[in-house]
Amino acid sequence: MANILHVDSSPRSERSRSRRLAREFMDAWLNSHPDDAVTYRDLRLTPVPHITEEWIAADFTPPEALTGDMAELLAFSDELVNEFLAADHCVFSVPMHNFGMPSNFKAYIDQVVRVGHTFLLENGQFSGLAEGKKVLLITTRGVEYGPGSPFEGWDCLEPGLRYAFRFMGVKDFQFIQATGLDLGDDAERRGLNTAQSRLRELVSSW
Ligand SMILES: Cc1cc2nc3c(=O)[nH]c(=O)nc-3n(C[C@H](O)[C@H](O)[C@H](O)COP(=O)(O)O)c2cc1C
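What you see is a predicted model, and the numbers here were worked out from it, not measured in a lab.

Rules used in this analysis
- Residues numbered from 1 in each chain as written.
- Predicted model: local features only at pLDDT ≥ 70, side-chain atom pairs only at ≥ 80, totals over all residues.
- Heavy atoms only, no water.
- Helix = DSSP H or I, 4+ residues; strand = E, 2+ residues; numbered from the N terminus.
- Buried < 20%, exposed > 50% of the residue type's maximum accessible area, 1.4 Å probe, protein only.
- Pairing = 2+ DSSP bridges.
- Axes fitted to C-alpha atoms, helices over the stretch in contact; angles between N-to-C directions.
- Contact = heavy atoms within 4.5 Å.
- Patch = residues over 30% accessible without salt bridge, like charges linked within 9 Å, V, L, I, M, F, W, Y side chains within 5 Å.
- Areas by Shrake-Rupley, 256 points an atom, 1.4 Å probe, with all protein chains shown as cover.
- Salt bridge = Lys/Arg side-chain N within 4 Å of Asp/Glu carboxyl O.
- Near = heavy atom within 4 Å.
- Polar contact = N/O pair within 3.5 Å; in protein donor to acceptor, adjacent residues only side chain to side chain.
- Nonpolar A, V, L, I, M, F, W, Y, C, P; charged D, E, K, R; others polar.

Some words on the environment of A57
Here comes step 1: Its place among the elements puts A57 in helix α2 (residues 53-59).
Here comes step 2: For A57, a relative accessible area of 41% puts it in the partly exposed group.

Here it is in structure tokens:
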């Protein structure tokens, strides 16, 4: 039995293609792994606050020196960190917004990348504390980014996600991209079909 963390981040609800792909994957996964336990988080319904000056000061205060107010400021972040660290597998659905991740997912990352919790800084060396996890990132995009396309080289989403999780020690990534979703019905169907068939394969190989 594995612990799965499933996080959706699209601000859209039923119209969201990234949510749909993640939901289809999770349904198929749980069909073949019925004993797995799922923690679900919807960043649309439970928005993650941006970090603040006070939050950063609390984050860099040693646990034994935290005041009650500081501990309270970090409480939601602690919850997110504990959920992430407890998961064996993580499934994140993340739409591309303005060539990178949506602001709510960036806010999530900012609350989870925590010194002493998900990474260490010792003698000038960084090391991640979230090793051994498998992370699946399902991303959706309106246009294409492949070789020769007008936006080749503009994709800041996949590198941004990869480095944030690598910094926390994650080494085992699966990236599934659904591209061209806003380029007409045919392109949308192609983009979704490609992602869906890769996700189906992953159910038996992940
Ligand atoms: C605010 C906003 C910004 C977007 N920026 C981009 C972008 O930079 N590049 C891109 O390929 N698609 C962009 N799109 C299109 C979305 O990535 C695409 O519609 C995707 O399906 C959104 O995921 P969702 O359906 O789960 O919400 C943007 C959409 C929105 C709403």
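Details of the sheet that holds strand β7 (residues 172-178)
Strand pairing in a sheet takes place through backbone hydrogen bonds and is either antiparallel or parallel in direction.
Here comes step 1: Spatially, β2-β1-β3-β6-β7 is the arrangement adopted by the five strands of the open sheet, whose pairing is parallel. Since the sheet does not close on itself, it has two edges, and those belong to β2 (37-42) and β7, each with one partner. Recorded for the sheet is a direction-independent mean angle of 15° between the axes of neighbouring strands.
Here comes step 2: Note that strand β1 (residues 3-8) and strand β3 (residues 89-95) share five bridges and pair parallel. Paired with D8 across the strands is S93, a residue of β3.
Here comes step 3: In this fold helix α1 (residues 17-32) packs onto β1, β2, β3, β6 (134-140) and β7, with an angle of close to 160° to the strand it touches most, β3.
Here comes step 4: Along the sheet, helix α5 (residues 157-167) contacts β3, β6 and β7; its crossing angle with β7, the most-contacted strand, is approximately 160°.

Description of a nonpolar patch on the surface
Here comes step 1: Together, I51, I56 and F60 make up an exposed nonpolar region whose accessible area comes to about 270 Å².
Here comes step 2: For I51, the location among the structural elements is in the loop between β2 and α2.
Here comes step 3: Of the residues examined, I51 reaches a relative accessible area of 31% and is grouped as partly exposed.

A closer look at the site of the ligand
Here comes step 1: Neighbouring the ligand are 17 residues, the closest being S10, S16, S18, F99 and Y145.
Here comes step 2: The contact in question runs from an oxygen atom of the ligand to an N or O atom on the side chain of D182, over 2.8 Å.
Here comes step 3: Considering the ligand on its own, with 630 Å² of exposed area, one finds that the protein chains cover 80% of that surface.
Here comes step 4: Split into classes, the residues belonging to the shell around the ligand amount to six nonpolar, seven polar and four charged.

Take it as geometry only, folks, not as evidence of what the structure does.
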